[in-house]
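# Results of the structural survey
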Amino acid sequence: MAAHLAAVTEAVFSQLPPSVRFSSEDEAFLAGHAPELARLEDHLVQGFYDILFAHAATARVLSSGERAEREMALRRWWRRTLQGPFDTHYWEWQAAVGLIHVRVGVSNPMMIGMWGWTLNALQEALAGKLSLPPQEAGRLMEVFHRLAATVQALTAESYLQNYLAVLANSTGITAELIHRLVAVELAALDPSAHGQKAPTASGV
Ligand code: HEM
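To keep things clear, this report deals only with the structure shown in the data block.

## Focus: the overall build of the protein chain
If you tally the helices and strands in the protein chain, you get nine helices and zero strands. In sequence order, the secondary structure elements of the protein chain are arranged as α-α-α-α-α-α-α-α-α. Seen through its C-alpha atoms, the protein chain measures out along the principal axes to roughly 55 × 50 × 40 Å. Among the 204 residues that make up the protein chain, the fraction classed as buried is 14%. A separation of at least 24 residues holds for 79% of the contacts in the protein chain among residues at least 6 apart in sequence.

Encoded structure:
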């Protein structure tokens, strides 16, 4: 493996402002709700894989195994997340989970999209299936959003750093040089030129 997971994890934590990343208070709050949240496992896992199997691009990635086997990975992830602790092992595992997905051809859009679905499904289930009072459900959702931001940052960064490390190792070009080349390439990019409304036939 090219990217060093401990280094990637440390870099991600140093870049995420503390108020947006998962904290020890979040961990305590989540632990306090773990028994109720564990009851959502079947609902989350089924909804998650219904979506992935219904879309050709994601179904293709899953085609190598049985659905029950695929589901087990998410079940284990949910159980470990509810159980804690959120220590170095957990965060480095999240960075490794990102890389496991690279290996089988899962893209960042697929990962990020499913995080979005998971957050929406949780929000609905906290008020619906678990009937939590609005304030408690709101606080839990804040916790889940910080967890999502932290894990997605690890996923995306381990993805990028692994590509860079493989490129650097196989070509001898250093990561610093690649960064400089990218910066030169992007120097002339003007994002506002892409945000304009396309002209219509009437020119309005
Ligand atoms: C919120 C997003 C996701 C989470 C949290 C997640 C979680 C996991 C976990 C924990 C594993 C097992 C890693 C291990 O062995 O320790 C795994 C494996 C796997 N996931 Fe995901 N996953 C996500 C999105 C996806 C998506 C979008 C796909 C497919 C399009 C997918 C397909 C797979 C496959 C095929 C494996 C098995 C990889 C292997 O064993 O080589 N996952 N996932």
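## Quick word on the site of the ligand
The environment of the ligand is made up of 19 residues, and the closest members are T58, A73, W77, M110 and M114. Contributing elements (two or more residues each) for the shell around the ligand: α4 (56-62), α5 (67-83), α6 (88-104) and α7 (108-127). In terms of residue class, the shell around the ligand is built from 14 nonpolar, three polar and two charged.

## Let's talk about unusual backbone geometry
Of note, the amide linkage connecting G84 to P85 takes the cis form, showing an omega dihedral of -5°. Note that P85 resides in the loop between α5 and α6. Unusually for a residue other than glycine, S131 sits at a positive phi of about 50°. Within the secondary structure, S131 sits in the loop between α7 and α8 (134-171).

## With respect to the nonpolar core
Judged by nonpolar contacts, the single largest core of 14 residues is most densely connected at V8, V12, A95, F144, L147 and L154. The biggest single contributor to this core is α8, with six residues. If we ignore the near neighbours within four places in the chain, the residues touching L154 are T9, V12, W91, Q94, A95 and G98.

## Describing the packing of helix α1 (residues 5-15) against α6
For any two helices packed against each other, one specifies the inter-axial angle together with the distance between the axes. In the contact formed by α1 and α6, the axes pass within 9 Å of each other and the chain directions differ by 105°. Relative to α6, α1 is oriented roughly perpendicular. For the pair formed by α1 and α6, the contact residues are L5, A6, V8 and T9 on the first element and W91, E92, A95 and A96 on the second. Here the contact of α1 with α6 is built from residues that sort into six nonpolar, one polar and one charged.

## Overview of helix α9 (residues 175-186)
Under the 1.5 Å per step criterion, the end-to-end length of α9 is 16 Å for twelve residues, consistent within 8% with the ideal 16 Å. Among the twelve residues that make up α9, zero are buried, leaving the element largely open to the surroundings.

## Focus on α1
Along α1, the positions that sit buried rather than exposed are L5, V8, T9 and V12. End-on, the buried residues of α1 take up no more than an arc of 100°, which puts them together on one face. In α1, the exposed residues that point more than 90 degrees away from the buried face are A6, A7 and S14. On the buried face of α1, the contacting elements are α6 and α8.

Cut-offs and rules
- Residues numbered from 1 in each chain as written.
- Predicted model: local features only at pLDDT ≥ 70, side-chain atom pairs only at ≥ 80, totals over all residues.
- Helix = DSSP H or I, 4+ residues; strand = E, 2+ residues; numbered from the N terminus.
- Buried ≥ 20, exposed ≤ 12 C-beta atoms within 10 Å, placed from the backbone.
- Contact = placed C-beta atoms within 7 Å.
- Near = placed C-beta within 6 Å.
- Nonpolar A, V, L, I, M, F, W, Y, C, P; charged D, E, K, R; others polar.
- Core = buried A, V, L, I, M, F, W, Y, C linked by C-beta atoms within 7 Å.
- Axes fitted to C-alpha atoms, helices over the stretch in contact; angles between N-to-C directions.
- Parallel < 35°, antiparallel > 145°, perpendicular 65-115°, else oblique.
- Expected span 1.5 Å × (residues − 1).
- Arc of directions from axis to C-beta.

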